[in-house]
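So you can see what is in the structure, the chains are spelled out below.
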Amino acid sequence: MTSAPDRTPLARAFFDRPVLEVAPDLLGRTLVRTGPEGPIELRITEVEAYAGEADPGSHAYRGRTERNAAMFGPPGHAYVYFIYGMWFSLNLVCGPEGTASGVLLRGGEVLKGHDLARGRRPKSRDDRDLARGPARLATALDVDRGLNGTDLCAGPDAPLSVLTGTPLPVSSIRNGPRTGVGGEGATHPWRFWADGDRTVSPYRAHVPRNRTRTRS
């Protein structure tokens, strides 16, 4: 008999660790998004680690800015950013305050609130696609910059929180290069996912953007 996921909230000490410890340990945990329309719960199945100013792939690589300030804050908070002028992405800040490390949530399985998620992701082919990829995950959970800096450890009424869930055994975790990261950070094997899970997004290598200007 399979036991139900543990609903104990993760304490701040969980996040106050090196990012490469926190990232794989988030797999199988339950992310809860509480909003005015009701809650959505999601089992985390895919993440990526970003190591702040020591990581060429991180937004914080060149130091603190207005955009990335939440990454430098206390562990156990959300860092939400807007990318390509189209999508939001949700990161969980970890490590000691000032280190600017965080974990990008790339994929998950919706456990509760399917109707809400479907309403926000009407083009999903089936439920496995509702949060399969960071932009889809943020859209399904109604995550935007208004949640940037949210305390994940503020209690059951917080808009975002993480429960203990059912953490994955090491034997069920795979890792490899991060999706879409180029330059010196391209080969870091800091993407972690649940082996064989259908809600994990496909890997895509970095493709340089075409910056060619049209001459007048």
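Predicted model, so just to flag it, every value in this text is computed and none were measured. (Residues numbered from 1 in each chain as written. Predicted model: local features only at pLDDT ≥ 70, side-chain atom pairs only at ≥ 80, totals over all residues. Heavy atoms only, no water.)

Student: Lay out the overall build of the chain in plain terms, naming residues and giving numbers.
Tutor: What the chain contains, in helices and strands, is four helices and nine strands. Start at the N end of the chain and walk to the C end: the helices and strands fall as β-α-α-β-β-β-β-β-α-α-β-β-β. Its C-alpha radius of gyration of 17 Å places the chain within 12% of the 17 Å reference for a compact globule of 216 residues. Dimensions along the principal axes, computed over C-alpha positions, put the chain at roughly 65 × 40 × 35 Å. In the chain, buried positions account for 49% of the 216 residues. A separation threshold of at least 6 residues defines the contact pool for the chain, and within that pool the share at least 24 residues apart is 62%. Accessible area for the chain stands at about 11,100 Å²; split by element, carbon and sulfur atoms hold 52% of it. Computed over 29 positive and 24 negative side-chain charges, the inter-centroid distance for the chain is 8 Å. (Helix = DSSP H or I, 4+ residues; strand = E, 2+ residues; numbered from the N terminus. Rg over C-alpha atoms; globule rule 2.2 N^0.38 Å. Buried < 20%, exposed > 50% of the residue type's maximum accessible area, 1.4 Å probe, protein only. Contact = heavy atoms within 4.5 Å. Areas by Shrake-Rupley, 256 points an atom, 1.4 Å probe, with all protein chains shown as cover. Lys, Arg positive; Asp, Glu negative; His and termini not counted. Charge placed at Lys NZ, Arg CZ, Asp CG, Glu CD.)

Student: Lay out the pattern of salt bridges in plain terms, naming residues and giving numbers.
Tutor: Under the counting rule described, the total for this entry stands at 19 salt bridges. Linking Arg-128 and Asp-126 is a salt bridge whose minimum nitrogen-to-oxygen distance equals 3.7 Å. Note on Asp-126: relative accessible area 31%, which makes it partly exposed. A salt bridge links Arg-132 to Asp-129; its shortest N-O distance comes to 3.3 Å. Side by side, Arg-132 and Asp-129 carry an identical accessibility label, which is buried. What emerges from the salt-bridge pattern is a single network uniting Glu-46, Glu-48, Arg-106 and Arg-191. (Salt bridge = Lys/Arg side-chain N within 4 Å of Asp/Glu carboxyl O.)

Student: Explain the environment of Gly-73 to me, and be specific about the residues and the numbers.
Tutor: With respect to the helices, strands and loops of the structure, Gly-73 is situated in the loop between β3 (38-50) and β4 (78-83). When its relative accessible area of 13% is taken as the criterion, Gly-73 is described as buried. For the pair formed by Gly-73 and Thr-99, sequence separation is 26 residues and the distance between their alpha carbons is 8.3 Å. Once you skip the residues sitting within four places of it in the chain, Gly-73 turns out to touch Val-93, Glu-97 and Gly-98.

Student: Residue-level account of unusual backbone geometry, with values.
Tutor: One non-glycine residue, Ala-100, lies in positive phi territory at about 60°. For Ala-100, the location among the structural elements is in the loop between β5 (87-94) and β6 (101-112). The backbone phi angle of Asp-142 is positive, close to 55°, even though this residue is not glycine. Positionally, Asp-142 belongs in the loop between α4 (134-140) and β7 (160-165). Assessed through its relative accessible area of 35%, Asp-142 is described here as partly exposed.

Student: Let's hear about the nonpolar core: which residues, and what values?
Tutor: Formed by 39 residues in total, the largest nonpolar core has its most connected members in Phe-15, Leu-26, Leu-31, Val-47 and Leu-90. Among the elements that take part in this core, β3 stands out by supplying five residues, more than any other. Excluding residues within four positions of it along the chain, Val-47 makes contact with Ala-23, Leu-26, Leu-27, Val-103, Leu-104, Leu-105, Arg-106, Trp-190, Arg-191 and Phe-192. (Core = buried A, V, L, I, M, F, W, Y, C linked by side-chain atoms within 4.5 Å.)

Student: Help me get a handle on the environment of Pro-18, residues and values and all.
Tutor: Take Pro-18: it is sitting in the loop between α1 (12-15) and α2 (19-25). Note on Pro-18: relative accessible area 48%, which makes it partly exposed. Taking the C-alpha atoms as reference points, Pro-18 and Gly-176, 158 residues apart in sequence, are found 18 Å from one another.

Student: Got a sec to walk through the packing of aromatic side chains? Specific residues and values, please.
Tutor: The way to describe two aromatic rings as a pair is by their centre distance and the angle between their planes. Applying the stated criterion to the full structure yields three aromatic pairs. Ring geometry for Phe-82 against Phe-88: centres 4.7 Å apart, planes inclined by 40°, an arrangement best described as tilted. The ring of Trp-193 has Arg-191 sitting right over it, with the charged end atom 4.4 Å from the ring centre. (Phe/Tyr/Trp six-rings, centres within 6.5 Å; stacked < 30°, edge-to-face > 60°. Lys NZ or Arg CZ within 6 Å of the ring centre and 35° of its normal.)

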